[in-house]
Amino acid sequence: MGEKMRLQVNIDHVATLREVRKTPYPDILAAAEECRLGGARGITVHLREDRRHIQEADVVALKKWGRLPLNLEMADSPEIVEIALQVAPDEVCIVPERRQELTTEGGLDVDSHRKSLTRTISRLHHHSIRVSLFVDPDEVQIRTAAEIGARCIELHTGNYCDAERPEIAQLELDKLKRAAQLAHERGLQVNAGHGINYANVRGILEIPHLHTLNIGHGIICRAVFVGLREAVRQMCCLIEA
Ligand code: PXP
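Asks: Even after reading the chapter, I still don't get the overall build of the protein, so can you show me in this structure?
Replies: In terms of helices and strands, the protein carries 11 helices and 8 strands. By the compact-globule yardstick of 18 Å for 241 residues, the protein fits well, its C-alpha radius of gyration being 17 Å. With respect to the principal axes defined by its C-alpha atoms, the protein has extents near 45 × 40 × 40 Å. Classification of the 241 residues of the protein by burial places 52% in the buried group. Look at the contacts in the protein between residues 6 or more apart in sequence, and 67% of them connect residues 24 or more apart. Accessible surface, the protein: about 11,600 Å² in total, of which carbon and sulfur atoms supply 51%. One finds the centroid of the 31 positive side-chain charges in the protein at a distance of 4 Å from the centroid of its 35 negative side-chain charges.

Asks: Explanation requested: the nonpolar core in the structure shown.
Replies: Nonpolar side chains tend toward joint burial in soluble globular proteins. Judged by nonpolar contacts, the single largest core of 74 residues is most densely connected at I11, L133, L155, L213 and I219. Looking at which element gives the most residues to this core, the answer is helix α8 (residues 166-185), with 7 residues. Once you skip the residues sitting within four places of it in the chain, L133 turns out to touch I94, L108, V110, L117, I121, A145, I148, A150, C152, I153 and E154.

Asks: Explain unusual backbone geometry here, please?
Replies: Leaving glycine aside, a negative phi is the common case for residues, and trans is the common case for peptide bonds. The omega torsion of the bond from Y25 to P26 falls at 0 degrees, within 30 degrees of zero and hence cis. Inspection of the secondary structure assignment puts P26 in the loop between α1 (12-21) and α2 (28-38). For K22, which is not a glycine, the phi torsion comes out positive at approximately 55 degrees. Examined against the element boundaries, K22 turns out to sit in the loop between α1 and α2. Phi is positive for R51, which is not a glycine, with a value near 50 degrees. By the element assignment, R51 lies in the loop between β2 (42-46) and α3 (56-65). Since its relative accessible area comes to 19%, R51 is described here as buried.

Asks: How should α2 be read in this particular structure?
Replies: Owing to its 3.6 residues per turn, the α-helix brings residues three or four apart onto one side. I28, A31, A32, E33, C35 and G38 are the residues of α2 that are buried. Against β1 (6-10), α1, β2, α3 and α11 (228-240) lie the buried residues of α2. Looking at where α2 begins, the residue whose side-chain oxygen comes 2.8 Å from the main-chain nitrogen of L29 is D27. Immediately downstream of α2, the backbone of G39 shows phi near 115 degrees, a positive value.

Asks: What exactly am I supposed to notice about the packing of α2 against α11 here?
Replies: Two packed helices can be described by the angle between their axes and the distance between those axes. Between α2 and α11, the shortest axis-to-axis distance is 7 Å and the interhelical angle comes to 40 degrees. Classed by the angle they form, the pair α2 and α11 counts as oblique. The two elements α2 and α11 cross, and the hand of that crossing is right-handed. Packed against α2, whose contacting residues are A31, E34, C35, L37 and G38, the element α11 presents L228, R229, V232, R233 and C236 at the interface.

Asks: For this particular structure, what's the right way to read the environment of H13?
Replies: Here H13 shows up in helix α1. Separated by 39 residues in sequence, H13 and R52 have C-alpha atoms that sit 9.8 Å apart. When neighbours within four sequence positions are excluded, H13 is seen to be in contact with H53, H217 and I220. Only 3.0 Å separates the side chain of H13 from the side chain of T16, close enough to count as a polar contact.

Asks: Would you mind going over the pattern of salt bridges with me for this structure?
Replies: Side chains that differ in charge, positive against negative, can pair when their charged atoms come close. According to the stated counting rule, one finds 17 salt bridges in the structure shown. In this structure, E34 and R229 form a salt bridge, with 3.0 Å as the shortest nitrogen-oxygen distance. Residue E34 is located in helix α2, and its partner R229 is located in helix α11; the two are separated by 195 residues in the primary sequence. Overall, E34 belongs to the partly exposed group, its relative accessible area being 26%.

Asks: Would you mind showing me how to read the pairing of strand β6 (residues 152-156) here?
Replies: A regular strand places its side chains on the two faces of the sheet in alternate fashion. For β6, a buried count of 5 out of 5 residues is recorded, marking the element as mostly surrounded by other parts of the structure. Going residue by residue along β6, you find C152, E154 and H156 tucked away on one face and I153 and L155 tucked away on the opposite face as well. Here 4 bridges tie strand β5 (residues 130-135) to β6, and the two strands are oriented parallel to one another. Bridged to V135 within β6 is L155. Each parallel crossover has a hand, and the one from β5 via helix α6 (residues 139-147) to β6 is right-handed.

Basis of the calculations
- Residues numbered from 1 in each chain as written.
- Predicted model: local features only at pLDDT ≥ 70, side-chain atom pairs only at ≥ 80, totals over all residues.
- Heavy atoms only, no water.
- Helix = DSSP H or I, 4+ residues; strand = E, 2+ residues; numbered from the N terminus.
- Rg over C-alpha atoms; globule rule 2.2 N^0.38 Å.
- Buried < 20%, exposed > 50% of the residue type's maximum accessible area, 1.4 Å probe, protein only.
- Contact = heavy atoms within 4.5 Å.
- Areas by Shrake-Rupley, 256 points an atom, 1.4 Å probe, with all protein chains shown as cover.
- Lys, Arg positive; Asp, Glu negative; His and termini not counted.
- Charge placed at Lys NZ, Arg CZ, Asp CG, Glu CD.
- Core = buried A, V, L, I, M, F, W, Y, C linked by side-chain atoms within 4.5 Å.
- Polar contact = N/O pair within 3.5 Å; in protein donor to acceptor, adjacent residues only side chain to side chain.
- Axes fitted to C-alpha atoms, helices over the stretch in contact; angles between N-to-C directions.
- Parallel < 35°, antiparallel > 145°, perpendicular 65-115°, else oblique.
- Left-handed = near helix turned anticlockwise from the far one by under 90°.
- Salt bridge = Lys/Arg side-chain N within 4 Å of Asp/Glu carboxyl O.
- Pairing = 2+ DSSP bridges.
- Right-handed = clockwise from strand over helix to strand, strands pointing away.

Put into structure tokens, the structure is as follows:
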């Protein structure tokens, strides 16, 4: 038996609730602790350039809290890279970012940004920060990710999760399975995330070689009704079954 799949909970939307009213609550560290008690194996936050939810102080506080590994999602932009180097989270996941988007809309174009990404990956590795690249299930992107020194990819599962018709969902799932196989053959750790909820996670579990799932919105939405610890526990039960 291999190791159990890990759940990292993205708690951006706990910060969204705080920022929408500029209140001192809900407390981000209390949320992280609830995730830990529910069985999460890591905490993920996205420090966006527009700071719409997570703030730099949250990232610093989570790193200091230190009871679970911290995965920082971020754009490959000079300001944010400097912050990452200073805070030194356990892992960075580089994502594309557009100011107007509601959430991350697609994977990185690793091939087009090869030069800048190569430099950023090497700087982060130099500070012992593990680097993951958020990519679509696309052969070229995965090959390039391995070539430029990433140790890990996070497969963008949004097209599968948001598919409105079962036959489209199946096509997207097949792409994810092929992509995971290729990434594994290239020596990359395979994570996945985006749009995963309690209903569609079953398909996600068919993807081979998965190491970690990053899940945010679906868990925070369920937490409104059952509490965060219980929402995390329920997702852990599904993915560890
Ligand atoms: N992984 C990445 C790279 C993301 O950008 C996001 C959204 O911030 C997630 C996972 C989590 O997605 P969701 O909130 O839809 O679960």
